[in-house]
Amino acid sequence: MAGAIIENMSTKKLVIVGVILVLFQVFSFMVGGLIDDGAVVTIDVGLAYRDDTFSDWTELAHSVEQRKLSCNFTAVKTFENEGRYYDCNLLPFMELGSVAHKYYLINIRLPVSERKKTNVGIGEIKDIRLVSIHQNGGFTKVWFAMKTFLTPSIFIIMVWYWRRITMMTRPPVLLEKVIFALGISMTFINIPVEWFSIGFNWTWMLLFGDIRQGIFYAMLLSFWIIFCGEHLMDHTERNNFSVYWKQVGPIAFGSFCLFIFDMCERGVQLKNPFFSIWASDVGTELAMAFIVVAGICACLYFLFLCFMVFQVFRNISGKRSSLPAMTKARRLHYEGLIFRFKFLMLVTLACAAVTVIFFIISQVNEGHWHWGEHTVQVNSAFFTGMYGMWNLYVFTLMFLYAPSHKRYGDEQCGGSNSGEDLQLTTTVTHVDGLTEIYKMTGKEAQE
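Because the structure is a prediction, the values reported are computed rather than measured.

A. A look at the overall build of the protein chain. In terms of regular secondary structure, the protein chain is built from nine helices and nine strands. In the protein chain, buried positions account for 46% of the 447 residues. For the protein chain, the share of sequence-separated contacts (at least 6 apart) that also reach a separation of at least 24 residues comes to 76%. Of the roughly 22700 Å² that the protein chain leaves accessible, carbon and sulfur atoms contribute 63%.

Here's what the structure looks like:
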């Protein structure tokens with residue numbers, strides 16, 4: 001039996017949100033004790049905790065798990081090489097969603113039974129090592145500070161945006177509703193519920209974080225489809241959500257599959273932190289297949305989005321041919337709108353590209369300890385940078401697409417009989433007109 005006491009030093013200031021322990025067993029080579037091909041090690045493990053050095057240990061979890069060994073002996077298997085170590089892959093051991101206690105005790109027992117073929121043919125174990133993956137204190141402080149600051153910022157701009165929408169006499173259009181829904185999903189993922197982990201042992205924090213991020217992913221991907229679609233000239237049924245069911249439907253289905261996949265592992269880990277979907281051959285193959293399919297779908301989505309952006313640019317370029325016939329003030333006004341809109345579309349495309357890359361890398365990173373020699377790491381700067389980029393992008397969208405109180409008067413636009421906003425925003429006239437670029441690229445422009 002092996003035991004280890006782990007002290008959670010972070011509880012003096014901030015609580016670590018989660019911790020992953022990876023088991024690394026050291027096997028030595030013996031001529032009469034070779035490791036069989038496909039050998040499986042059975043471990044009887046228990047986890048206990050206490051918050052001081054005087055209290056009794058309280059059991060947190062106990063389980064009997066099996067892990068398949070993948071070991072390679074690089075030298076020649078002779079008597080001269082006895083005692084040399086096998087080269088074995090790491091084994092997933094345990095994952096906790098919250099580390100709220102001061103001390104943790106891990107007991108590992110390897111029961112042997114010749115009759116049941118338990119731990120037979122696994123060689124001679126020389127040592128057991130544990131590799132810990134956790135959210136350190138420095139990153140935790142930065143992460144808490146970002147969420148605490150960004151939550152009121154996005155919430156205030158969201159309330160301001162919707163107030164501008166409700167002040168208009170017309171009902172909100174689909175694009176405005178989707179932008180508002182995107183703001184809600186961003187606010188939902190921003191809420192710093194991690195602060196409560198300081199006083200409460202919420203083991204479901206990792207699962208809840210994945211659910212929040214999944215909702216935001218689904219909303220963001222759906223928004224980009226609707227955002228481009230509403231600015232396409234060949235859409236004759238605009239402002240109708242049912243038009244996009246062929247594009248949004250697969251996104252919703254993919255998000256649901258992500259949720260099921262997450263529940264299959266982290267959902268079970270709420271009761272048994274030693275469970276791992278990577279422990280069996282079937283689970284490993286399913287997880288690998290899911291990650292590969294998710295990466296391919298993300299790439300196909302980005303290519304489809306590029307195609308839609310190309311169509312939007314082509315339609316905008318086609319409308320530029322009518323600009324020379326306008327007065328100088330009106331022409332400069334629309335040229336400025338087109339430039340700002342194209343810049344926003346390019347920013348959208350760049351944001352989509354980085355998001356897809358981040359999604360693929362994060363999926364690979366979830367299982368990089370199980371991939372042998374192939375390792376992908378995501379550092380904290382990239383993670384916080386992505387989070388900041390999403391907030392800035394949503395903030396910019398709500399600011400630019402909020403209805404404006406300004407008017408572009410008749411004397412400025414050379415006798416035009418309708419007011420036009422100088423910004424890339426919705427004009428507020430006596431008929432509560434829509435965004436000018438939105439009107440230029442839509443059915444209204446053809447009429």
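B. Structural detail: the pattern of salt bridges. Within this structure, the stated rule accounts for six salt bridges. One salt bridge connects Lys147 with Glu194, and the closest N-O pair in it is separated by 3.1 Å. Taken together, the residues Lys147 in helix H1 (residues 137-166) and Glu194 in the loop between helix H2 (174-190) and helix H3 (205-229) connect sequence positions 47 residues apart. Exposure remark for Lys147: the relative accessible area of 3% places this residue in the buried category. The closest approach of N and O atoms between Arg212 and Glu194, which form a salt bridge, is 3.2 Å. Highlighted residues: Arg212 in helix H3 and Glu194 in the loop between H2 and H3, separated in sequence by 18 residues. In this structure Arg212 comes out as buried when scored by relative accessible area, which is 3%. In this structure, a network of salt bridges that share partners links the residues Glu95, Asp210 and Arg266.

C. Looking closely at a nonpolar patch on the surface. Taken together, Trp195, Phe196, Ile198 and Phe200 make up a surface patch of nonpolar side chains, about 410 Å² in accessible area. With respect to the helices and strands, Ile198 occurs in the loop between H2 and H3. Judged by its relative accessible area of 41%, Ile198 falls in the partly exposed class.

D. Representation of the environment of Thr148 in the model. With respect to the secondary-structure elements, Thr148 resides in helix H1. The class of Thr148 is partly exposed, set by a relative accessible area of 37%. Here Thr148 is in contact with Pro192 and Trp195, once residues within four sequence places are set aside. Here the side chain of Thr148 touches Trp195 through a polar contact of 2.9 Å, side chain to side chain.

E. Up close: unusual backbone geometry. Phi is positive for Lys117, which is not a glycine, with a value near 60 degrees. Position of Lys117 among the secondary structure elements: in the loop between strand E8 (103-109) and strand E9 (124-134).

F. Representation of the environment of Thr42 within the structure. Take Thr42: it is sitting in strand E3 (residues 40-50). For the pair Thr42 and Arg67, spaced 25 residues apart in sequence, the C-alpha to C-alpha distance is 6.6 Å. The contact partners of Thr42, leaving out residues within four places of it in the chain, are Val64, Glu65, Gln66, Arg109, Leu110, Pro111, Thr118 and Asn119.

G. The packing of aromatic side chains, seen in detail. Evaluation of the coordinates by the stated rule reveals 19 aromatic pairs. Pairwise contacts between aromatic rings join Trp143, Phe216, Tyr217, Phe358, Phe359, Phe383, Tyr387 and Trp390 into one cluster. The residue whose ring lies beneath Lys342 is Phe313, and the NZ or CZ to ring-centre distance is 5.8 Å.

H. Here's a closer look at the packing of H2 against H3. Viewed as axis vectors pointing N to C, H2 and H3 meet at an angle of 160 degrees, and their least axial separation amounts to 9 Å. One way to sum up the angle between H2 and H3 is to call them roughly antiparallel. For the element pair H2 and H3, the recorded crossing hand is left-handed. In contact with Leu174, Leu175, Val178, Ile179, Ala181, Leu182, Ser185, Met186, Phe188 and Ile189 of H2, H3 contributes Phe208, Arg212, Gln213, Ile215, Phe216, Met219, Leu220, Phe223, Ile226 and Phe227. Taken together, the residues of the contact of H2 with H3 break down into 17 nonpolar, two polar and one charged.

I. View of the UniProt feature "transmembrane region" (unreviewed entry) in the protein chain. Cross-referencing UniProt, the feature "transmembrane region" (unreviewed entry) maps to residues 14-35, 142-162, 174-193, 213-232, 244-261, 286-316, 337-361 and 381-402 in the present numbering. As annotated, residues 174-193 has a helix share of 85% and a strand share of 0%, and its two end C-alpha atoms lie 31 Å apart. Helix makes up 91% of residues 381-402 and strand makes up 0%, while its end C-alpha atoms are separated by 31 Å.

J. Looking closely at the pairing of E8. For E8, the buried fraction is high: five of the seven residues fall into the buried class. Note: E3 against E8, seven bridges, orientation antiparallel. Among the inter-strand pairings, Val45 is bridged to a residue of E8, identified as Ile108.

K. Representation of the nonpolar core within the structure. Phe223, Trp224 and Trp390 are the most contacted members of the largest nonpolar core, which totals 61 residues. Among the secondary structure elements, those contributing two or more residues to this core are H1, H2, H3, helix H4 (245-269), helix H5 (281-319), helix H6 (328-366) and helix H7 (380-400). Per-element accounting of this core gives the leading share, 11 residues, to H3. Ranked by size, the runner-up nonpolar core spans 23 residues in total, among them Ile43, Phe73, Leu96 and Ile106.

Cut-offs used in this document
Residue positions are counted from 1 within each chain, in the order its sequence is given. The predicted origin of the model limits local features to residues at a pLDDT of at least 70 and limits the giving and counting of side-chain atom pairs to 80 or more, whereas totals for whole chains, interfaces and linings rest on all residues. Each side-chain value is derived from all of the structure's non-hydrogen atoms; neither hydrogens nor water enter the calculation. What counts as a helix is a DSSP run of H or I of at least four residues, what counts as a strand is a run of E of at least two, and both are numbered from the N terminus. Buried means the residue's accessible area, taken with a 1.4 Å probe over protein chains only, is under 20% of the maximum for its type, while exposed means over 50%, and partly exposed covers the values in between. The contact criterion used throughout is that any non-hydrogen atoms of two residues lie within 4.5 Å. Values of accessible area rely on a 1.4 Å probe in the Shrake-Rupley scheme; residue burial ignores everything except the protein chains shown. The term salt bridge refers to a side-chain nitrogen of Lys or Arg lying within 4 Å of a carboxyl oxygen of Asp or Glu. Put simply, a patch holds well-exposed residues, over 30% relative accessible area, that have no salt bridge, with like charges counted together within 9 Å and Val, Leu, Ile, Met, Phe, Trp or Tyr side chains within 5 Å. Pairs of N or O atoms within 3.5 Å make up the polar contacts considered here, provided that, within protein, one atom can donate a hydrogen while the other can accept it, and that residues adjacent in sequence are counted only when both atoms are side-chain atoms. Two rings from Phe, Tyr or Trp (for Trp, the six-membered ring) form a pair when their centres sit within 6.5 Å of each other. Planes less than 30 degrees apart are called stacked, planes more than 60 degrees apart edge-to-face, and all others tilted. Only Lys NZ and Arg CZ are tested; either one counts as a charge over a ring when it is within 6 Å of the ring centre and within 35 degrees of the ring normal. Convention adopted: a line fitted to C-alpha atoms gives each axis, helices being fitted over their contacting stretch, and angles between N-to-C directions are expressed from 0 to 180 degrees. Comment on the angle field: the value is read as roughly parallel under 35 degrees, roughly antiparallel over 145, roughly perpendicular from 65 to 115, and oblique elsewhere. Here a crossing is called left-handed whenever its near helix is offset anticlockwise from the far helix by less than a right angle, and right-handed whenever the offset is clockwise. By the convention adopted, Pro, Cys, Tyr, Trp, Phe, Met, Ile, Leu, Val and Ala count as nonpolar, Lys, Arg, Asp and Glu as charged, and the other residues, Gly among them, as polar. UniProt positions are given in the numbering used here, feature names are shortened, and annotations may be inferred rather than shown by experiment. Paired strands are those between which DSSP finds at least two bridges. Residues grouped as a nonpolar core are buried Ala, Val, Leu, Ile, Met, Phe, Trp, Tyr and Cys residues, joined through side-chain atoms within 4.5 Å.

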